[in-house]
Every structure is written in C-alpha cells, then in structure tokens.
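These are the residues of each chain, in order.
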Amino acid sequence: MSDKIKQKIAEFVTLAKDCPENLQPKCFEVLLDDYLQQTHAKRTSGAVEEKQTGAGADADKKTEIEQKDESDKKKPRQDDISEIDLHVKARQYFKKAGLSIDQINQLFYKEEGNFLPLYDDLKTTKGSESQIRIALLHALLNGMHKGDFEFSGESVREEVQTRKCYDAPNFANHFKNSKDLFEGYTGYNKASPILKLSAAGKTKLAEVIKDLQ
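Residues numbered from 1 in each chain as written. Predicted model: local features only at pLDDT ≥ 70, side-chain atom pairs only at ≥ 80, totals over all residues. Heavy atoms only, no water.

J.: What am I meant to see in the nonpolar core here?
T.: One broad rule of soluble globular proteins: the nonpolar side chains tend to lie buried together. Core analysis: the biggest nonpolar cluster contains 39 residues, and Phe 94, Phe 108, Leu 140, Phe 151 and Phe 175 have the highest contact counts within it. Contributing elements (two or more residues each) for this core: α3 (88-97), α5 (127-146), α6 (153-162), α7 (171-177) and α8 (199-211). Sorting elements by how many residues they give to this core places α5 first, with nine residues. Look past the residues within four positions of Phe 108 in its chain and what remains in contact with it is Ile 81, Leu 116, Pro 117, Leu 118, Tyr 119, Leu 137, Leu 140 and Leu 141. (Core = buried A, V, L, I, M, F, W, Y, C linked by side-chain atoms within 4.5 Å. Buried < 20%, exposed > 50% of the residue type's maximum accessible area, 1.4 Å probe, protein only. Helix = DSSP H or I, 4+ residues; strand = E, 2+ residues; numbered from the N terminus. Contact = heavy atoms within 4.5 Å.)

Structure below.
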C-alpha cells in the first residue's frame, strides 16, 4: 500500500468520525470508494491519451513517408544517355568523328525522353563564337533525336538573349561569316530560319564537343 493511500485512509477515518456512530463505516466506505474511482479514471485517461499521442505520431510519420514517396515519384527521372537512345545517324556521326557516348554524357543527360544540357560555360567570351557554338549544339541535339543535324536560328536567338550574349545588329552576319558551316547557305531568313550543318559544320561541332569537356 502506498503512503499516499495510507494518508487518504487516515483522512477518511477522521472525516467519518464527524458522522453519527452508526453511519461512520458507511461514510468511510463512500469516501474511499469515490477516491479509488477517481484515481482509476485518471490512470485510464492518461493511458488513452498517451496511446492516442503515440498513434498520432505514428500517423504523422507515416504521412510524412508517404508524402516523400509521392514527391520522389513526381520527380523526373534523370539518366545517362545510352547509344540506343540515339538516332542511328547520330551514332554513325559520333563513330566517324571519334566521339564516345561518355563524352556526350559529360555534356547532356536524359530526362523523360529529352536530352538536356549539363554545361553552362561555352568556353568563349566572344559573342559571335557563342552564337555559333549554340547553333552547333542545337543541331547536335536535333541530330541525336531525329538524325538531322539542323537547327532553328530563332531558337539560337532566344538562347543568346538568355545568355546575355545577343548581338542584335550582327546576328545574321555571324551566320554569314561562318557560312561554310551550313549547307547551301544563301543568307539568314527569319521567316525560314532552319539551317543544316555542312560537312565542315559537323567537323566544327566535334571540335566544340571536345572543347567543352
């Protein structure tokens, strides 16, 4: 028996003595029974609350894990590019140019079927050279996907603007000054901006790929 219960019993005996003698036993019994019921109720309530708190924590933890799993599922999967991902013409080009798939994976990665750049630095400070390198890399991406090493001049314009190396007055001149890189070049036409790489253009592209490693 705990000291606390002993103390309560002594209190109840004292209180019961204030009752008529014939009611003292009953009075003591009522006081003790009420005390025991209250004590039991408090213990039960505490246990339930603790269980609920634990269950709540488990539920929160489970929810957190589920949210993380769901978030991971939503993240686009990023992979290395394999040779089988490339158009057959791109594979032939890389073989002829002496380029390996490892070199390509240093510059690009695959995400949801698209090839995206890993590089930031074009390794040049000249605006004209930046524009030509961007054009060649755009042709490379199209060649990897479709086999045609060509690009849209307007897509190149957008990227040079984003990279803050856009030379508006000389945009067309930069293509003209490197016309040997483009097959059948007769001038840049904004309304028909597709340019295809010549043999010299593909050779220059291989040099750029190696330079960006």
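After that view of the structure, there is still more to cover.
J.: Could you clarify how one ought to interpret the pairing of strand β2 (residues 108-111) in this entry?
T.: Where a strand is regular, its side chains alternate between the two sheet faces. Side chains of β2 alternate between two faces, with Phe 108 and Lys 110 and Tyr 109 and Glu 111 buried alike. As paired elements, strand β1 (residues 78-79) and β2 share two bridges and run antiparallel to each other. Opposite Gln 78, over in β2, you have Glu 111 as the bridge partner. Bridge count for β2 against strand β3 (residues 114-117) is four bridges, and the pairing is antiparallel. Across the sheet, the residue bridging to Tyr 109 is Leu 116, located in β3. Counting the residues that bridge the hairpin from β2 to β3 gives two residues, and of these Glu 112 lies at a positive phi of roughly 50°. (Pairing = 2+ DSSP bridges.)

J.: What is the right way to look at the packing of aromatic side chains in this model?
T.: Centre distance and the angle of the planes are the two values used to describe a pair of aromatic rings. Throughout the structure, instances matching the rule amount to eleven aromatic pairs. Measuring from ring centre to ring centre gives 6.1 Å for Phe 182 and Tyr 185, while their planes differ by 50°; the resulting arrangement is tilted. Grouping residues by exposure puts Phe 182 and Tyr 185 together as buried. Every member of this aromatic cluster is reached through a ring pair, and the members are Phe 151, Tyr 166, Phe 171, Phe 175, Phe 182, Tyr 185 and Tyr 188. (Phe/Tyr/Trp six-rings, centres within 6.5 Å; stacked < 30°, edge-to-face > 60°.)

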